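Below, each chain spelled out in residue letters.
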Amino acid sequence: MDWCHYRFRSLWALPARPAAVYDALQRAEDYPRWWPQVREVTPADDTSGTLRIRSVLPYDLVITAREVRRDPATGILEIEMSGDLDGWARWTLTADGTGTLARYDQEVDVTKPLMRRLAVPGRPLFRANHALMMRAGRRGLAAYLAADGQAV
């Protein structure tokens, strides 16, 4: 087992139509407005930028994200990541009644030296940290969509 390799899947039920959710998720520069753990997004160009992320544990992750797929017709947004995490992440949106089911898949290798050194004893904490971040992101996006009048 590679203790520095992670696969995550999160499912977010959101009370807004897929087009509204897609519109919010494709604007990564706005993530800090609704996702507390995304502290900073610095666009480099139209398809890439740098994100600084910090959840409960006392360290920042800095990643460069590059868009590899933007497909509103299928509800897919996908990025490649490099930096403290190397890998990819994908949003897949589907209609769910009057709302949206947003599936987030991520597969990464940790490259941040501190996290690599703590790979075995820290793994449960790193996974819990990710789960807390995703829960806060779902709540934040739902509130953001409601404030924007997008909730159904």
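One can find the structure itself at the top, above this paragraph.
Residues numbered from 1 in each chain as written. Predicted model: local features only at pLDDT ≥ 70, side-chain atom pairs only at ≥ 80, totals over all residues. Heavy atoms only, no water.

1. Quick word on the overall build of the chain
When helices and strands are counted, the chain shows 4 helices and 7 strands. Relative to the compact-globule value of 15 Å for 152 residues, the chain shows a C-alpha radius of gyration of 15 Å, a close match. Taking the principal axes of the C-alpha coordinates as reference, the chain spans close to 45 × 30 × 25 Å. Looking at the chain as a whole, 43% of its 152 residues are labelled buried. Taking as baseline every contact in the chain between residues at least 6 positions apart, the subset at least 24 positions apart corresponds to 53%. For the chain, the exposed area adds up to about 8,000 Å²; of that, 54% sits on carbon and sulfur atoms. Taking the 21 positively charged and 19 negatively charged side chains of the chain as two groups, their mean positions are separated by 7 Å. (Helix = DSSP H or I, 4+ residues; strand = E, 2+ residues; numbered from the N terminus. Rg over C-alpha atoms; globule rule 2.2 N^0.38 Å. Buried < 20%, exposed > 50% of the residue type's maximum accessible area, 1.4 Å probe, protein only. Contact = heavy atoms within 4.5 Å. Areas by Shrake-Rupley, 256 points an atom, 1.4 Å probe, with all protein chains shown as cover. Lys, Arg positive; Asp, Glu negative; His and termini not counted. Charge placed at Lys NZ, Arg CZ, Asp CG, Glu CD.)

2. Some thoughts on the sheet that holds strand β6 (residues 85-96)
Judged by pairing direction, the sheet is antiparallel, and its 7 strands sit side by side in the order β1-β7-β6-β5-β4-β3-β2 without closing on themselves. The open sheet has two edge strands with one neighbour each: β1 (5-14) and β2 (38-45). Across the sheet, the mean angle from the axis of one strand to that of its neighbour is 20°, orientation sign disregarded. Where strand β4 (residues 61-71) meets strand β5 (residues 76-83), 8 bridges bridge the pair, whose relative direction is antiparallel. Its bridge partner being in β5, Arg70 is matched across the sheet by Leu77. Packing of helix α1 (residues 18-26) onto the sheet brings it into contact with β1, β4, β5, β6 and β7 (99-110), and relative to β6 it is tilted by some 160°. (Pairing = 2+ DSSP bridges. Axes fitted to C-alpha atoms, helices over the stretch in contact; angles between N-to-C directions.)

3. Quick look at the packing of aromatic side chains
Under the counting rule described, the total for this entry stands at 9 aromatic pairs. Ring centres 5.4 Å apart and planes at 65° place the aromatic pair Trp12 and Trp35 in the edge-to-face group. With a gap of 23 residues between them, Trp12 in strand β1 and Trp35 in the loop between α2 (31-34) and β2 connect regions that are remote in the sequence. The same class applies to Trp12 as to Trp35, namely buried. Aromatic side chains Trp12 and Trp91 sit 4.8 Å apart centroid to centroid with 65° between the ring planes, which places their arrangement in the edge-to-face category. With Trp12 in strand β1 and Trp91 in strand β6, this pair connects stretches of sequence that are 79 residues apart. The pair formed by Trp12 and Trp91 is uniform in burial state, with each residue classed as buried. Here the aromatic cluster, defined as three or more aromatic residues joined through ring pairs, consists of Trp12, Tyr31, Trp34, Trp35, Trp91, Tyr104 and Tyr144. The lysine or arginine in question, Arg123, covers the ring of Tyr6, its NZ or CZ lying 4.2 Å from the ring centre. (Phe/Tyr/Trp six-rings, centres within 6.5 Å; stacked < 30°, edge-to-face > 60°. Lys NZ or Arg CZ within 6 Å of the ring centre and 35° of its normal.)

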